[in-house]
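A look at the structure
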Amino acid sequence: MTETPLKPTPSSAFGGLLGLLGFSAIAGILVAAMFAPAIAVTSKATMGVLNVFDRLPEYVTLGHQSQRTILYGLRAGQQVPFAQIYDQNRQEVGWDAISDFAKDALVAAEDVRFYQHGGVDLAGIARATVNNLAGKKLQGASSIEQQLVKQLAIQEAVATIKDPKKLNAAKAAAQATTLDRKLKEAKLAVGLEKRYSKHQILLAYLNIAGFGGNTYGIEAAAQQYYSTTAKSLTLAQAASLIAIVQQPNLRAPASPDNWERDQSRRDAILGTMFNESMISKKQFDEAIAVPVNASTVKLSAAMNGCSYATAAKPFCDYVVNSVKDLTGFGETPADRKAAWERGGYSVYTTIDLDQQAVAEADLAARTPASETRFSLGSAVSTVQVGTGRIITMAQNKAFDDTGEADPAVSTAINFNSDKGYGGSSGFPTGSTYKLFTLVNWLQNGHGLQEYVDANIRSYRSFPSRCDPGGVYTVARGYAPKNDSGVSQGQMNVLAATKGSVNAAFVNMASKLDLCDIRDVATSMGVHNADNSELAHDPSTILGTNTPSPLTMANAYATVAGGGKLCQPIAVDRIITPGGKELPGQAQSCSQVISPEVAAAAAYDLQGPLKTGGTGASANPRDGTPLLGKTGTAEALHSYMVAASSQTSTAVWIGNITGFQNLRRISIGGILASNLRTTVMKPILASLDASSVYGTGRAFPEPVPVLLRGSTIRTPNLAGQSVSAAKRLIEDIGLAFAQGEVVSSAFPAGTVVSSDPVAGSTIARGTTVTATVSDGAGARNGGPPDKHPGGGGHPGKG
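Residues numbered from 1 in each chain as written. Predicted model: local features only at pLDDT ≥ 70, side-chain atom pairs only at ≥ 80, totals over all residues. Heavy atoms only, no water.

Turning our attention to the overall build of the protein. When you go through the protein residue by residue, the secondary structure sums to 26 helices and 26 strands. Across the 797 residues in the protein, those meeting the buried criterion constitute 53%. A sequence separation of at least 24 residues applies to 72% of the contacts in the protein between residues at least 6 apart. With an accessible surface of roughly 32,500 Å², the protein has 53% of that area assigned to carbon and sulfur atoms. (Helix = DSSP H or I, 4+ residues; strand = E, 2+ residues; numbered from the N terminus. Buried < 20%, exposed > 50% of the residue type's maximum accessible area, 1.4 Å probe, protein only. Contact = heavy atoms within 4.5 Å. Areas by Shrake-Rupley, 256 points an atom, 1.4 Å probe, with all protein chains shown as cover.)

The next thing to look at is the packing of aromatic side chains. Under the defined criterion, the tally for this structure stands at 13 aromatic pairs. Taking 3.7 Å as the distance between ring centres and 10° as the angle between the ring planes, the aromatic pair formed by Phe427 and Trp652 counts as stacked. Taken together, the residues span a long stretch of sequence, with Phe427 in the loop between strand S7 (410-411) and helix H17 (434-443) and Trp652 in strand S18 (residues 647-655) at a distance of 225 residues. Accessibility classification places Phe427 together with Trp652 in one group, the buried group. Taken together through their ring pairs, the aromatic side chains of Phe329, Trp340 and Tyr345 make up a single cluster. Lying over the aromatic face of Trp95, Lys103 brings its terminal NZ or CZ to 3.8 Å of the ring centre. Directly above the aromatic system of Phe114 lies the positively charged group of Lys198, at a separation of 4.3 Å from the ring centroid. (Phe/Tyr/Trp six-rings, centres within 6.5 Å; stacked < 30°, edge-to-face > 60°. Lys NZ or Arg CZ within 6 Å of the ring centre and 35° of its normal.)

As a further point, take helix H8 (residues 198-208). In terms of residue burial, H8 counts as a mostly covered element, since ten of its eleven residues are buried. When H8 is considered as a whole, its buried residues turn out to be Lys198, Gln200, Ile201, Leu202, Leu203, Ala204, Tyr205, Leu206, Asn207 and Ile208. Check the buried side of H8 and you find it contacts helix H3 (100-110), helix H5 (144-160), helix H7 (179-195), helix H9 (218-226) and helix H10 (235-242).

Purely geometric stuff here, so don't read any function into it on its own.
Right, dumping it as structure tokens:
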């Protein structure tokens, strides 16, 4: 409805003037007589009433009332509704969207002289007064305008007063049978006539009236009680709904106990409609013959809130929790909350319901919510690279915040989001967190072809500028195991990433700074879901911090997007009840790592998705270039993040509560720890096949310096004495370690071979381990091996 008043018609303007003048002349006597019949009305009392009347406000306005807000998402290229949220179940509709039967039924039931009076029915007041003074049945005489004034006052209280006691008091005051309240109501009713047409007033009443419970307005009532629209109401249905208005608790047909009372009042309304020539005798007979019972009442459950969304329930909850950030709703969080509660908005979100359906079905099939052996949880978040728009947000447990669903298969927690946006405290990410060590490695000039130590060893300290003395000390040493359980020698970073070798990444971190690694994560949008500070102890290298899946998807999108971080957004635009477009969440992107570092990281992260990589089985091999990383946290949580140049998706599978080892239990014939790739594959395939997101291009090639890094070629140590080999290695900036003694034709005490082998490109400071001959082969006359350590010369690569 519009708040702009229409020019009054001549009849309504004249009626309003007569109403105002006439009521000013006799209101004191009539109203006083109605409400104080036992008190003699004197001229002095009458004048006092008139003085009060003259000081009352002139008018109220017909604003929009609290109503439904509808969330929209993309399906088959079209925006479609998928959730509705409201404080009051109301959907305001226009004049032409309401059956004429309902309009006439309201006039017949509440104010048969509606089109004749000017806002206050003086004849009706006189008649009611005479009957009340005569001791007959107590009669009211409130016009539709007066009733509307009362309803507007009640709705204003509901919208502005949050304290329950104060709200109840305000409601009571709006309905009090006191002289001053009735005077104010009457004058405001006349004021309505001066500002609005009869049609506007009747429409406002039909949209504001309560129809039982939390149902307001004729459209919501038609949907709830007869599963139809206000425009399609039959005569019998229309009269039945109008019958509810004065006694909704006793007449609303939601309960069979109310059917007889509703039908009785309906029939009386139908009788008035016939007597006033609003309907024909045939129409009356047909309608009166329709019972109000199980054969005619067709209830539709109110679908309020995210628990009743038709899709994307966790995402719906995320949107609701994001209202505080939506500046289109107001200047402050309090303004935004008030606007949201008033409702009536169309909110166009970023969710792709087609991709959401794929993710939901995938999780339901692979990670069933009905799993009873342990508390199995799973979640999928997808964001669009370069925008931060959230495309999917799914989980295996049904989202339900009503408290009425089966807790075994449902939850009020959104596993994908932060605590402040869905209640989750996040999950440890495992080796997907190695991304941030990789990025910092590259930022420090190291290369992907540099060799690092992948042997299991104990580290007692790490560089850490934010700790005392710039060192993080581990008193008992930190010696993480590789997934293979054994040391894996020297390997380059490309191989370490492809195989997710823990010891190699810890060795890389030992050459960096733990605080810098933490800060890299922060710069890429990473934060713990419970808003606690990111830890930076050595274990965090392997993923003990607890971001949300959405956060991790977005961090990898930063790499896929050339180093540009775009904050996640859920709302594109908002349309007000009056049709005005408001901004949603503006895209907020910034360059947080250089394009060169991002390109090198992307090059490295393609390894895990290739043959032999830890995430290779997730690759749909449809020609779309992909990067990604898998992760496992103490075998309790399993992670994977994968991205194309268009989208980035995070999959989490793990224990919601409890400590089930995912490597010791199978679901659907697949180890639970391996489900991450099984779940990821169809999601990637669907995204890649999409006309919207399926145009993934190749990632940029890394610059040569970030392939080589600041490297040194391992020299050939074969045949040299241990002391000579040690001097040579240390002179060129490497570390030396003597390894095992083996049978060899080389003289005893000389070097046979090295690890890394001669000619390997390794980082400055890398340990070269020399294998030493026992001389047995030489004593037996055998010739020494020729260049057993390989060729090559020392120098930077």
